[in-house]
Amino acid sequence: SENQSRLFYRLIKDPSLIEKEDYLNLTVPEKALILDAYLDYAQYKNMQQERTAAAIDPTTRRMLLERSQLSYRPDDPPETVRFSSPPELGHGSARVAARIGRNETERFEEISIRPAFHDLLANDAGYGRGSQILFLDVTARRYTDSEETKIDSLKLIDLASLTPKDPLLNKKSWTASVGIDTVKDLDCHYCNSFKGNYGIGRAYSGGFFSPVLAYALVNLELETSRQLDHDYRFGGGATLGAMFDITSDWRIQIAGNYLGFPLGHESHYRKISVAQRYSLSQNLDLRAGWDSLNNRGEWSLGVDYYF
């Protein structure tokens, strides 16, 4: 229950809680559940140490004695709560995608392929929620009006780990990417640049099974191109975003970020993006996206097939 969860977190911070009224007023099964959770947590913290403690610490010993005095054992085994699904239920690790779209000036068709692995918008079945590992993800575009074919992006590696803040496991969230991209905030006719980005921050969720995951990151970015003054620009900014699972098959991601570049090519841009994915089957998705970069809009619609 919510009350038991609250008392468990309080017990982690203040072991003397077992002498206070809030704990003493609990039933024996409720006390046993809280103490069992505490002892599991203590064992986990002990396993994290490089060397296992030679003796049980006084606080853990105190909890063990309190638990032994309850003389309580559940009649039925606890219901198994699965925090992840079996890997075989996940989509294939490779992906090919085809899309149509339009930017401010012309239509385009694009195709992309990657050998691995999983992106934030994809279905989490068989994968870790809030995780992304992309490797050699390449996208080529054919612009209809200008009749040109360009490399839109080549993600050599693109990683993300959005771990919700938790009172016990206080891990930061981060992103990192290196690759080739199209410079879309300059009028350089779809010129490319090589860039790297790193972000660190926090993610928040209402609980492990919450349909919402929000995140906030501080970013640093270095970009190089002959189209830039001094051939580079370096700066930073922030990203705010959230993912909403409408159903297990339908996810929407909204993000906004600002980057300012005071070094090299002095510039800045603001980007807002909305993307959604609907899973038709284990290995087939429909995707739609819209973004605006410095008020230059672009939309796309297509299918992803995993294998």
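Residues numbered from 1 in each chain as written. Predicted model: local features only at pLDDT ≥ 70, side-chain atom pairs only at ≥ 80, totals over all residues. Heavy atoms only, no water.

J.: Got a minute to help me understand the packing of helix α1 (residues 2-13) against helix α3 (residues 28-48) in this structure?
T.: Between two packed helices, both the angle of their axes relative to each other and the distance between the axes serve to describe the pair. Closest axis-to-axis distance for the α1/α3 pair is 10 Å, and the angle between their directions is 45°. The orientation of α1 with respect to α3, classified from their angle, is oblique. At the point where α1 passes α3, the crossing takes the right-handed sense. Where α1 approaches α3, its residues Q4, L7, F8, L11 and I12 are matched on the opposing element by E30, L33, I34, L35, A37, Y38 and Y41. For the contact of α1 with α3, the residue count by class is 10 nonpolar, one polar and one charged. (Axes fitted to C-alpha atoms, helices over the stretch in contact; angles between N-to-C directions. Helix = DSSP H or I, 4+ residues; strand = E, 2+ residues; numbered from the N terminus. Parallel < 35°, antiparallel > 145°, perpendicular 65-115°, else oblique. Left-handed = near helix turned anticlockwise from the far one by under 90°. Contact = heavy atoms within 4.5 Å. Nonpolar A, V, L, I, M, F, W, Y, C, P; charged D, E, K, R; others polar.)

J.: Explain α1 to me, please; I cannot follow it from the model alone.
T.: In an α-helix there are 3.6 residues to a turn, and that puts residues three or four apart on one side. With 12 residues, α1 extends 17 Å between its outermost C-alpha atoms, agreeing within 8% with the 16 Å of an ideal straight helix rising 1.5 Å per residue. Regarding α1, the residues found buried are Q4, L7, F8 and L11. Projection of α1 onto a plane perpendicular to its axis shows the buried side chains occupying an angular sector of 105°, all on one side. Set apart from the buried face of α1 by more than 90 degrees, the exposed residues are E2 and K13. Residues of α1 that are buried make contact with α2 (21-24), α3 and α4 (58-68). (Expected span 1.5 Å × (residues − 1). Buried < 20%, exposed > 50% of the residue type's maximum accessible area, 1.4 Å probe, protein only. Arc of directions from axis to C-beta.)

J.: I keep staring at the pairing of strand β9 (residues 232-245) and nothing clicks. Help me out?
T.: Sheet faces and side chains relate simply in a regular strand, where the side chains alternate between the two faces. Pairing geometry for strand β8 (residues 212-224) and β9, over 13 bridges, is antiparallel. Bridging from a neighbouring strand, L222 pairs with F234 of β9. Where β9 meets strand β10 (residues 250-264), 12 bridges bridge the pair, whose relative direction is antiparallel. Pairing of L240 across the sheet is with G256, part of β10. Linking β9 to β10, which pair antiparallel, is a turn of four residues. (Pairing = 2+ DSSP bridges.)

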